[in-house]
Amino acid sequence: MPPAPPSFGSREYWEKRFTSNSNPFEWLEAPTALDPYLVAALKETTEPELELLHIGCGTSLLSYHLRAHVPNPEHIHNLDYSEVAIEVGRKRERQTSKSPPPDAQEPRSASYMRWSAANLLDYSSLLEACKPSAYSIIVDKSTSDSIACSEDLVVPLPYHITATPNPASNPNLTESPEPLHPLHILGVHLALLTKPKARWISLSYSMDRYPFIPLPPPTPLPARSGTGDASTPAYESEPIPTPTGFPDPSTLWTLIGKYDIEVPQPQSPSGSNGSTTTHRPKVMHWVYVLERTNVKVFARRES
Ligand SMILES: C[S@@+](CC[C@H](N)C(=O)[O-])C[C@H]1O[C@@H](n2cnc3c(N)ncnc32)[C@H](O)[C@@H]1O
């Protein structure tokens with residue numbers, strides 16, 4: 001039997017992994033891969049001091065690279081549910097930040113980024129770390145990929161975050177009849193934390209990462225002689241319905257850009273006769289740029 005795949009959606013998996021090796025590690029791409037999208041988002045904002053939330057930072061050097069994009073490191077908030085990754089990141093920043101010059105009259109107070117251990121899928125944990133409506137940019141380097149591997153969740157209804165300030169509760173429906181996709185929950189949680197027009201810049205290995213984003217109209221398959229049906233879509237995905245009392249994430253985020261990045265082919269070793277393998281399928285990674293709509297969401301007062 002083939003070995004079970006790693007449980008990328010479990011906190012224990014990540015905690016164990018970062019405990020056994022806390023060296024910097026990059027998923028999918030180098031820290032610079034998101035630069036063009038970050039630069040574009042920063043150009044379009046009129047906010048002098050925007051807040052940037054880096055979700056699922058792990059041990060990626062992207063956390064430190066982000067400092068090049070904003071004048072004040074205190075406006076960068078690195079978040080992960082692995083306490084080990086957060087401690088390692090915090091310590092590494094203090095060890096590598098420049099110390100004040102020896103002839104400085106006053107000891108310069110260093111400013112550092114913020115680091116929080118919190119679970120993006122747990123409303124209370126997240127709200128202990130982050131303020132609502134605070135962030136203008138969310139940076140996500142393969143964290144949605146990991147979250148997509150977690151279990152679907154049954155949520156209480158009406159949910160902690162609602163589309164109206166005082167939603168009517170239904171005594172017959174106190175939890176979602178079906179478990180919800182974890183990326184629906186992430187979409188709603190991030191909507192609460194962000195300002196209108198905020199950008200969620202996400203790098204993924206999946207060409208269809210967000211189940212709440214409608215796909216472009218299907219591309220007809222080329223008709224094959226005799227058989228093929230030209231109207232058959234090349235791929236399909238059914239939007240997943242959300243229950244009453246849980247905001248519909250497709251009203252909270254709009255996809256404003258989707259870009260591919262071709263992954264370089266590994267060098268294939270030459271065969272004994274000098275031949276090389278030439279026909280490998282292309283591997284692509286995807287950058288999604290989602291924009292927060294003006295649709296408000298409300299944090300419900302828990303009774
Ligand atoms: C695939 S790794 C990406 C790490 C890093 N962004 C990089 O590019 O190298 C996914 C990261 O997301 C974190 N993560 C997964 N699910 C999470 C959740 N529910 N809340 C917070 N962090 C989570 C993991 O601990 C891990 O660090």
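Residues numbered from 1 in each chain as written. Predicted model: local features only at pLDDT ≥ 70, side-chain atom pairs only at ≥ 80, totals over all residues. Heavy atoms only, no water.

An unreviewed UniProt entry lists the protein chain under the name Methyltransferase domain-containing protein, from Trematosphaeria pertusa.

1. Some details on the sheet that holds strand β3 (residues 114-117)
On the basis of which strands lie adjacent, the open sheet formed by 7 strands has the order β3-β2-β1-β4-β6-β8-β7 and mixed pairing. Edge positions in the sheet fall to β3 and β7 (253-263), since each of these pairs with one other strand and no more. Within this sheet the neighbouring strands show an average axis-to-axis angle of 15°, counted without direction. Across 4 bridges, the pairing between strand β1 (residues 52-55) and strand β4 (residues 135-141) is parallel. By the bridge assignment for β4, Leu52 is matched with Ile137. Sheet strands touched by helix α2 (residues 35-44): β1, β4, β6 (194-204), β7 and β8 (283-292). Its angle to β6, the strand with the most contacts, is close to 170°. Running at roughly 140° to β6, helix α7 (residues 182-193) makes contact with β1, β4, β6, β7 and β8 of the sheet. (Pairing = 2+ DSSP bridges. Helix = DSSP H or I, 4+ residues; strand = E, 2+ residues; numbered from the N terminus. Axes fitted to C-alpha atoms, helices over the stretch in contact; angles between N-to-C directions. Contact = heavy atoms within 4.5 Å.)

2. Describing helix α4 (residues 83-96)
For α4, which comprises 14 residues, the first-to-last C-alpha distance of 20 Å matches the rise-based estimate of 20 Å (1.5 Å per residue) to within 8%. Turning to α4, its buried residues number three or more, namely Ala85, Ile86, Val88, Gly89, Arg92 and Glu93. One side of α4 carries all its buried residues, which in axial view fall inside an arc of 165°. Exposed positions of α4 whose direction lies more than 90 degrees from the buried face are Glu83, Lys91 and Gln95. Those residues of α4 that are buried are in contact with α1 (11-20), α3 (62-65), β2 (76-80) and β3. (Expected span 1.5 Å × (residues − 1). Buried < 20%, exposed > 50% of the residue type's maximum accessible area, 1.4 Å probe, protein only. Arc of directions from axis to C-beta.)

3. Some points on the environment of Glu291
With respect to the helices, strands and loops of the structure, Glu291 is situated in strand β8. By relative accessible area, which is 16% here, Glu291 ends up buried. Ignoring anything within four residues of it in the chain, the contact list for Glu291 reads Lys197, Ala198, Arg199, Leu252, Trp253, Thr254 and Ile256.

4. Overview of the pairing of β1
By the alternation rule, side chains of β1 split into Leu52 and His54 and Leu53 and Ile55, which are all buried. In terms of strand pairing, β1 meets β2 through 4 bridges, oriented parallel. Residue pairing in the sheet places Leu53 in a bridge with His77 of β2.

5. A short note on the nonpolar core
Burial of nonpolar side chains together is a common tendency in soluble globular proteins. Of all hydrophobic cores here, the largest spans 37 residues; its most connected members are Leu53, Leu190 and Trp200. Contributing elements (two or more residues each) for this core: β1, α5 (123-129), β4, α7 and β8. It is α7 that provides the largest number of residues to this core, a total of 8 residues. (Core = buried A, V, L, I, M, F, W, Y, C linked by side-chain atoms within 4.5 Å.)

6. Description of the site of the ligand
Taken together, 20 residues sit near the ligand, with Gly56, Asp80, Asn119, Leu120 and Lys141 positioned nearest. At 3.3 Å, a backbone N or O of Phe25 approaches an oxygen atom of the ligand. At a separation of 3.0 Å, a nitrogen atom of the ligand approaches a polar backbone atom of Leu120. Protein contacts shield 98% of the accessible area of the ligand, which totals 590 Å² for the unbound molecule. Where the shell around the ligand is concerned, the elements lending two or more residues are α1 and α6 (143-148). Among the elements that make up the shell around the ligand, the one with the highest residue count is α6 (3 residues). Its residues assigned to classes, the shell around the ligand shows 10 nonpolar, 7 polar and 3 charged. (Near = heavy atom within 4 Å. Polar contact = N/O pair within 3.5 Å; in protein donor to acceptor, adjacent residues only side chain to side chain. Areas by Shrake-Rupley, 256 points an atom, 1.4 Å probe, with all protein chains shown as cover. Nonpolar A, V, L, I, M, F, W, Y, C, P; charged D, E, K, R; others polar.)

7. Regarding unusual backbone geometry
With an omega dihedral of -15°, the bond running from Leu157 to Pro158 counts as a cis peptide bond. Along the chain, Pro158 falls in the loop between α6 and β5 (161-162). Backbone geometry at Leu28 places phi at a positive 65°, although glycine is not the residue there. Turning to its location among the elements, Leu28 is positioned in the loop between α1 and α2. Residue Leu28 is classed as partly exposed on the basis of its relative accessible area, which comes to 26%. Not every positive phi belongs to a glycine, and Ser142 is a case in point at roughly 65°. Checked against the element boundaries, Ser142 lands in the loop between β4 and α6.

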